[in-house]
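# Understanding the architecture of this molecule
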Amino acid sequence: GTVTRYPRTEQLFGLDKRALEPVFGGFTEYVHPDHRDEVVTTLERAIEDESSYRLQYALELPGPRQVWIEERGTVLDSDGTATRAVCVSIDITEQKERERELTWERELNRTLHAALVESRTRAELEQMVVTQLHDYGYELAWIGDLLVDEIKPRATAGRDAYLTDVDLSLPSERHSTEPVFKAIDERTGQFVDELDAGPHTAWRETAIEAGFRSEAAVPLVYHDVFYGVIGVYAGEAAVFDQTARRLLSALADTLAFVIHNIERKDALASNRIISATLQVVGTRYYLKEIIASADCETGDTRLLVHETLPYDDDRTMQYVSVTGTSVESIVDAAVDHPVVDDVTTIGVEPNRRIQIQHRGQTPESELTTVGTRVRSTSVTEDRADILIEVPNKFALRTAIETLDTSNGHISLLSSIERDLGPDLEMDPLAELTDRQATVLRAAYHQGYFEQPRESSAKDVAQSLGITHPTLLEHLRIAQQKVFHEKFE
């Protein structure tokens, strides 16, 4: 009736030896219920048969830690009676976790491989992944994307009534504690071990009422491009241990990469457009240098670039409006800048703008070389925020990579997808040559189409360095092409 355990074995179990005795009344109570009958039966049979045995079982110990044990023992006899057993206990927790990790990785890789082969769309891929997560044992798995002012579920598996009950609109305070919102804001995985342990916010109460005890949310990000977020919910607490967190994070990385490749094939680009804001910090942008050298009236000077157009092989033309200081102070600084060839003030108050011809590349002109439409750029002395439009997330990643090779730090501030109407083109000027587009845009920015006109055709021609007849010819052809595309 005596059990002798070495001190190291007591440390292994994490319990006082008195809690482990007697064997069938003490120790076995800590064996996981799924394994308890097997452990008791095996030990009883070994004693009865005076034989050796080998077991693997999990222990449910105080705290969130689960320990896996491999136990090997031999029952010894004296005169045909079982009198003692010599046993060895081995901690195989890491081995079991690794086995579980490899098994899950194999299953997920098989799912992703099948999805790559079988999925024609992103929707099919995402549905296969959330179904796999649900089959693995999670109560609910879903993938959502950020659309304008809410998170929109794209694929769900499990008890998805929760998604109807919970508020998925963007919170007024962006530091919301809801893991899905935090994952989107911070671009890192968020894990909650016990939903009932935190402050009872609306989302927590909704999740608890739905029967969930723990939650994970992991963003789908590839090359700084956000593709959505995975939400996973479990009916038990402390489910997301280090292994689960590592696996979910790896899954999110792989899924984002696969989605990127699907979108690279334009599977989802037929009727959507992405408006994104890229922030460039640290680059040598001549407009930032102009602000720094200008005699500004306040410290809040900002230049808004409305248009960046090719002027000739070596020069670019930009149309810029000014806030926070006078137009004259920026014009004076621009005239003295070494890359600026010509500065012209156009328009009338309150819509005065500056037309600048300069040599060299700008972030906007670099983006146009990869098919990105630049809508505007907000420039301060410290940074430039560029609003762009692209047809899909592959094009967005390409735009980021293009800037990243020749500029400072690039950040994606926002990315919003929206539907296009069936007749809406990505760029109504797509059929124009560079020269035709330059003439048409220059005429617009200089007020040629206003009533009354703010600039004459001769003024526009002179600013572009071309003759009056040449401008009128380019303008006529450009208007004819635009109207043809629109009306035919």
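For the structure, see preceding data.
Residues numbered from 1 in each chain as written. Predicted model: local features only at pLDDT ≥ 70, side-chain atom pairs only at ≥ 80, totals over all residues. Heavy atoms only, no water.

The geometry of an aromatic ring pair is captured by the separation of the ring centres together with the interplanar angle, meaning the angle of the planes. With the rule as written, the count across this model stands at 9 aromatic pairs. Between Tyr136 and Tyr138 the ring centres are 5.9 Å apart and the planes differ by 45°, which places this aromatic pair in the tilted class. A relative accessible area of 28% means that Tyr136 is categorised as partly exposed. Of the residues examined, Tyr138 reaches a relative accessible area of 5% and is grouped as buried. Here a set of aromatic residues connected by ring pairs shows up, and it is made of Tyr136, Tyr138, Phe191 and Phe240. Across the ring face of Trp68, the terminal group of Lys96 is positioned such that the distance to the ring centre comes to 4.7 Å. The residue whose ring lies beneath Arg453 is Tyr448, and the NZ or CZ to ring-centre distance is 4.0 Å. (Phe/Tyr/Trp six-rings, centres within 6.5 Å; stacked < 30°, edge-to-face > 60°. Buried < 20%, exposed > 50% of the residue type's maximum accessible area, 1.4 Å probe, protein only. Lys NZ or Arg CZ within 6 Å of the ring centre and 35° of its normal.)

Here we come to the nonpolar core. Residues Leu133, Leu220, Ile230, Leu248, Ile388 and Leu396 are the most contacted members of the largest nonpolar core, which totals 46 residues. Per-element accounting of this core gives the leading share, 10 residues, to helix α8 (residues 242–264). Those residues in contact with Ile230 that sit more than four places away from it in its chain are Leu133, Trp142, Ile143, Ala216, Ala217, Val218, Leu220, Leu251, Ala252 and Leu255. Residues Tyr162, Leu163, Val166 and Val229 belong to the second largest nonpolar core, which totals 22 residues. (Core = buried A, V, L, I, M, F, W, Y, C linked by side-chain atoms within 4.5 Å. Helix = DSSP H or I, 4+ residues; strand = E, 2+ residues; numbered from the N terminus. Contact = heavy atoms within 4.5 Å.)

Let us look at the sheet that holds strand β6 (residues 190–192). Spatial strand order, β5-β4-β8-β7-β6: 5 strands in an open sheet with antiparallel pairing. Each edge of the open sheet is held by one strand with a lone partner, namely β5 (150–158) and β6. Each neighbouring strand pair of the sheet contributes to a mean axis angle of 20°, computed without reference to strand direction. Pairing of strand β7 (residues 214–222) with strand β8 (residues 225–234) involves 9 bridges; the strand directions are antiparallel. If you follow Val218 over to β8, its bridge partner there is Ile230. Against the sheet, helix α12 (residues 393–404) touches β4 (140–147), β7 and β8, its axis set at about 120° to β8. (Pairing = 2+ DSSP bridges. Axes fitted to C-alpha atoms, helices over the stretch in contact; angles between N-to-C directions.)

Pairing is antiparallel in the open sheet, where 3 strands are placed in the order β1-β2-β3. Edge positions in the sheet fall to β1 (52–60) and β3 (81–91), since each has one partner strand and no second. Taken pair by pair, the neighbouring strands of this sheet meet at an average axis angle of 30°, ignoring direction. Here helix α2 (residues 33–49) sits on the sheet in contact with β1, β2 (66–78) and β3, set at roughly 155° to β1.

The final tally for this structure, using the stated rule, is 17 salt bridges. With a closest N to O distance of 3.8 Å, Arg315 and Asp341 form a salt bridge. Of this pair, Arg315 sits in strand β11 (residues 315–323) while Asp341 is found in strand β12 (residues 340–346), placing the two residues 26 residues apart along the sequence. We classify Asp341 as partly exposed; its relative accessible area is 36%. Between Glu473 and Arg476 there is a salt bridge; the shortest N-O distance is 3.1 Å. Linking Glu473 with Arg476, this pair stays in helix α15 (residues 468–487), spanning 3 residues, or about one helical turn. Judged by relative accessible area, which is 38%, Glu473 ranks as partly exposed. Relative accessible area serves as the criterion here: at 49%, Arg476 is assigned to the partly exposed category. It is possible to trace a salt-bridge network through shared partners that takes in Arg122, Glu126, Asp145 and Arg154. (Salt bridge = Lys/Arg side-chain N within 4 Å of Asp/Glu carboxyl O.)

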